[in-house]
Amino acid sequence: MAILGELAHIGAGLAAIGSGAAAIGVGHVAGNFLAGALRNPSAAAGQTATLFIGIAFAEALGIFSFLVALLLMFAV
Amino acid sequence: MADTPAGAEAGGAGMPQLDFSTFPNQIFWLVVTLLVIYFILSRVALPRIGAVLAERQGTITNDIAAAEELKQRALEAEAAYDQALLDARSEAGKIVADAKADIQSDLDVQMQKADAEIAAQTAESEKAIGEINAGAADAVKAVAKDTAKEIIAAFGGKADAKTVTAAVTARMKG
Amino acid sequence: MAGEATEGGGLEFHPLDQFEVHRLFGEGPIDWYTITNVTMWMAIAVVCIVLMLVIGTRKRAVVPNRMQSIAETLYGFVYTMVEDVTGKDGIKFFPYIFTLFIFILISNLLGLLPMSFTTTSHIAVTAVLAFAVFFTVTIIGFVKNGAAFLGLFWVSSAPLALRPILAVIEVISYFVRPVSHSIRLAGNLMAGHAVLKVFAGFAQVGLLVAPIAILGVVAIYALEVLVSAIQAYVFTILTCVYLKDALHPSH
């Protein structure tokens, strides 16, 4: 039981890596939006909704990994 | 920290989010809340805000139309003003021209009168001068007759007046 | 350093205590009708919404005051979003979507008050919201389009051989929607509030660390304000996108 608890903590740490991966994804979305917006600023305003949807989808996966980490920490 | 996992173990889960015993409570109150908000919004708030926004849109449209009309009227007033100015200007020009013509005709009449007067004066003067000239010629004739009679008498001649007069007249003419 | 306090296994961190549901009055088990802090904070949210959207607009002024201006901005924001994403025939769902938006927004922002309880950080709450959207959208899809709604899963622009595989993926992603929809909202808020608590916990380490920790709390707090608004926006616009799928299922 004690070893299981320790392993769960290690697993939580590993799952938290997913948050970093989600950060990379969100950065990609925002960066590419900015690159496109600078090329064609007039079209950028209409695409902010798409930007936020993209960020939300990318971030959701990071939140999933965070949730897995929390579950391992507190619920196992 | 030591007793939290223990308590969590006892409660079944460490995360309050996964404590299923509270789920019915949360879901019940959430549904109540959502229904209350939905009815307040759909019955009172949203129609009111929508009406206010529509009213504002209407007001703005009306105001823009009124402003357009006022602008049109201002333009018309400006045109009328310009027209009036033009009329006044031409009127003034006409008055000036009339006055000029009046003055000119008055002047002409006066000039003519003056000219006539001058001509009359000149004629009178000429007549007077003619009379004076004629008077002078008669006087010269008389003097010449007398002088000739005297001269003839002095030479011992005898001269009748008739001959002397004829001679003097002839002489004076020649 | 807090040498003695670390005896039990580290600093005193209780980042999840703030999410506990408890009775407001008396002792005992939490039944479905018990008045808890959930009830209280939802009631406060309702009061805020009424103050802002009903009391704030009661003058119906053509030139709005501050509250009315906020209410009108929110109205216009959600209205254009619904109209842009779902089209003209989505307008009749506007009160429903506005209810979701204003509830999530106000709850998120109320949760940022110190000592408050964040109702939207609970999976139970967001799951109800997300499944409400899911069932509404699915029912509307079948009522409006009949069996043609299933065309949503049949990607007619893909090569024929790929279509069954794509259909499986589409069906799975369709049923994952409420899960991701709810966990995104709850997870964002839970994570943000837990991080706030962790940073606040660092302030007990010592005089040198405390100012940095407090600066960190301020920075995370600012981020959380942003996240609160963005998550409300994202939840709403995803609802609109799902609704658009139901109203116009052709890809």
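Note that the coordinates shown come from a computational prediction; the quantities given were computed from them, not determined experimentally.

### As for the overall build of chain A
Stage number 1. Along the backbone of chain A there are 3 helices and 0 strands.
Stage number 2. In sequence order, the secondary structure elements of chain A are arranged as α-α-α.
Stage number 3. Computed over C-alpha atoms, the radius of gyration of chain A comes to 17 Å, more than 25% over the 11 Å expected from 2.2 N^0.38 for 76 residues, which places it beyond the range of a compact globule.
Stage number 4. Overall, chain A is about 60 × 15 × 10 Å in size when its C-alpha atoms are taken along their principal axes.
Stage number 5. Here chain A holds 76 residues, and the buried ones make up 25% of them.
Stage number 6. Counting contacts in chain A only where the partners sit at least 6 residues apart, residues at least 24 apart contribute 78% of the total.
Stage number 7. Surface exposure of chain A reaches about 4500 Å², of which carbon and sulfur atoms provide 77%.

### Here's the deal with the interface of chain C and chain B
Where interface size is given, it is often the accessible area lost as the parts come together that is meant.
Stage number 1. The interface is formed by 49 residues belonging to chain C together with 34 residues belonging to chain B.
Stage number 2. For the pair chain C and chain B, the summed buried surface comes to about 3800 Å²; carbon and sulfur atoms form 74% of the total.
Stage number 3. The largest per-residue losses of area from chain C upon contact with chain B belong to Trp32, Val62 and Tyr75 of chain C, which jointly make up 16% of the total buried on that side.
Stage number 4. Residue glutamate 72 of chain C is joined to arginine 56 of chain B by a salt bridge in which the shortest nitrogen-to-oxygen separation is 2.8 Å.

### Looking at the interface of chain A and chain C
Stage number 1. Listed per partner, the contact involves 13 residues of chain A and 15 residues of chain C.
Stage number 2. Approximately 1300 Å² of surface area, both sides summed, lies buried where chain A meets chain C, with 84% of it carried by carbon and sulfur atoms.
Stage number 3. The largest share of the area that chain A buries against chain C comes from Phe52, Ile63 and Phe64 of chain A, three residues that together contribute 32% of it.
Stage number 4. Here chain A and chain C share 0 salt bridges between them.
Stage number 5. For the interface between chain A and chain C, the tally reads 3 residue pairs in polar contact (both at pLDDT 80 or more).
Stage number 6. Here the side of chain A that touches chain C is composed, by residue class, of 12 nonpolar, no polar and 1 charged.

### So, the confidence of the model for chain A
Stage number 1. Of the residues in chain A, 97% have a pLDDT of 70 or more, and the chain-wide mean is 87.
Stage number 2. Helix H1 (residues 2-39) of chain A holds the highest mean pLDDT among the elements of chain A, 90, whereas helix H3 (residues 48-75) of chain A holds the lowest, 86.

### So, the pattern of salt bridges
Residues and elements named next belong to chain C.
Stage number 1. What the rule picks out here adds up to 4 salt bridges over all chains.
Stage number 2. The partner of glutamate 83 in a salt bridge is lysine 88, with the nearest N and O atoms 2.5 Å apart.
Stage number 3. Judged by its relative accessible area of 66%, lysine 88 is exposed.
Stage number 4. A salt bridge links aspartate 245 to arginine 177, with the nearest nitrogen and oxygen atoms 2.6 Å apart. One end of the pair, aspartate 245, is in helix H6 (residues 209-247); the other, arginine 177, is in helix H5 (residues 163-202), with 68 residues separating them in the sequence.

### Re the packing of aromatic side chains
Stage number 1. All told, the structure shown has 22 aromatic pairs over all chains when counted by the stated rule.
Stage number 2. Where phenylalanine 28 of chain B meets tryptophan 29 of chain B, the ring centres are 4.9 Å apart and the plane angle is 65°; that geometry is what we call edge-to-face.
Stage number 3. Using a relative accessible area of 28% as the deciding quantity, one classes phenylalanine 28 of chain B as partly exposed.
Stage number 4. On the accessibility criterion, tryptophan 29 of chain B (17% relative accessible area) is buried.
Stage number 5. Ring centres 5.8 Å apart and planes at 10° place the aromatic pair tyrosine 75 of chain C and tyrosine 79 of chain C in the stacked group.

Calculation rules
- Residues numbered from 1 in each chain as written.
- Chains lettered and ligands numbered in written order.
- Predicted model: local features only at pLDDT ≥ 70, side-chain atom pairs only at ≥ 80, totals over all residues.
- Heavy atoms only, no water.
- Helix = DSSP H or I, 4+ residues; strand = E, 2+ residues; numbered from the N terminus.
- Rg over C-alpha atoms; globule rule 2.2 N^0.38 Å.
- Buried < 20%, exposed > 50% of the residue type's maximum accessible area, 1.4 Å probe, protein only.
- Contact = heavy atoms within 4.5 Å.
- Areas by Shrake-Rupley, 256 points an atom, 1.4 Å probe, with all protein chains shown as cover.
- Buried area = accessible area lost by both parts, 1.4 Å probe.
- Salt bridge = Lys/Arg side-chain N within 4 Å of Asp/Glu carboxyl O.
- Polar contact = N/O pair within 3.5 Å; in protein donor to acceptor, adjacent residues only side chain to side chain.
- Nonpolar A, V, L, I, M, F, W, Y, C, P; charged D, E, K, R; others polar.
- pLDDT = per-residue confidence, 0-100.
- Phe/Tyr/Trp six-rings, centres within 6.5 Å; stacked < 30°, edge-to-face > 60°.

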